[in-house]
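Structure assessment
Okay, here's what each chain looks like letter by letter:
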Amino acid sequence: MKATGIVRRIDDLGRIVIPKEIRRTLRIREGDPLEIYTDKEGEVILKKYSPIGEMSEFASQFADSLNQTSGQISCISDRDAIIAVSGAPKKDFNEKPLSQDLERVMEEKTTLVVKSPADKPIQIFSDETERKYTAQVIAPIITEGDPVGAVILLSTDPNTTMGEVEAKLAQSAAGFLGKQMEQ
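Bear in mind that the values here come from a model prediction, so they are computed numbers and not experimental data.

The rules we used
Residues numbered from 1 in each chain as written. Predicted model: local features only at pLDDT ≥ 70, side-chain atom pairs only at ≥ 80, totals over all residues. Heavy atoms only, no water. Helix = DSSP H or I, 4+ residues; strand = E, 2+ residues; numbered from the N terminus. Buried < 20%, exposed > 50% of the residue type's maximum accessible area, 1.4 Å probe, protein only. Contact = heavy atoms within 4.5 Å. Areas by Shrake-Rupley, 256 points an atom, 1.4 Å probe, with all protein chains shown as cover. Expected span 1.5 Å × (residues − 1). Pairing = 2+ DSSP bridges. Axes fitted to C-alpha atoms, helices over the stretch in contact; angles between N-to-C directions. Salt bridge = Lys/Arg side-chain N within 4 Å of Asp/Glu carboxyl O.

Secondary structure summary: the protein contains four helices and seven strands in total. The proportion of buried residues among the 183 residues of the protein is 40%. At a minimum sequence separation of 6, the contacts of the protein that also span at least 24 residues come to 52%. For the protein, the exposed surface amounts to about 11,100 Å²; the carbon and sulfur share of it is 50%.

Right under this line is the structure:
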């Protein structure tokens, strides 16, 4: 485990403050759920909890179905990373932090449709140096009023356009996943 050199005390209510530098580095925002557990050495471990990550097997199957239906690269993300992808190599998507533009789309709780390259697609990952997607649809997954992820349809083909059909497909998938997490 990496030492940070920061020491905090537990208050009389059992609370501890996670330093701002660590929250910023790990992209932990106010209200984010954290999973707390211990290991066999007695260490207390805090892990960012992803409600949609609990459904990763189901999300993977759902992404496959979206890919087969739409013919587009289909991704399902939580708030921080892609958890399921179909139609493209998983190594190109997994474990990469999402861009601030994508986070903003989720926070706004509206569907983004980028029909073609002329509409300027947004970056999906924070470390992308170029925008390689020519068309995209991003529909936030909302659970109990809060954005918890997104359904993303992408194309790298400059001749592909996305429109109302792809938007409705992504919105339906996002709505369904959101309802599944509420149960």
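For helix H2 (residues 56-70), which comprises 15 residues, the first-to-last C-alpha distance of 21 Å matches the rise-based estimate of 21 Å (1.5 Å per residue) to within 8%. Among the structural elements, strand S3 (73-77), strand S4 (82-86), strand S7 (146-155) and helix H4 (164-182) are those in contact with the buried residues of H2. Just beyond H2, the residue with positive phi is Gly71, at close to 75 degrees.

Sheet architecture is open: five strands sit in the order S4-S3-S7-S6-S5, paired in antiparallel fashion. In this open sheet, the two edge strands, each paired with only one partner strand, are S4 and strand S5 (112-114). Recorded for the sheet is a direction-independent mean angle of 15 degrees between the axes of neighbouring strands. Bridging between S5 and strand S6 (residues 135-143) involves three bridges; their strand directions are antiparallel. Across the sheet, the residue bridging to Val114 is Gln136, located in S6. Packing against the sheet, H4 makes contact with S3, S5, S6 and S7, and its axis sits at approximately 25 degrees to S6.

A regular strand places its side chains so that they alternate between the two faces of the sheet. With five bridges connecting them, strand S1 (residues 34-38) and strand S2 (residues 44-48) associate as antiparallel partners. From the neighbouring strand, Glu35 faces S2, where its bridge partner is Lys47.

For the structure on display, the rule yields six salt bridges. A salt bridge links Arg15 to Asp11, with the nearest nitrogen and oxygen atoms 2.8 Å apart. Asp11 sits in the partly exposed class, given a relative accessible area of 30%. Members of the salt-bridge network, linked through shared partners, are Asp101, Arg104 and Glu108.

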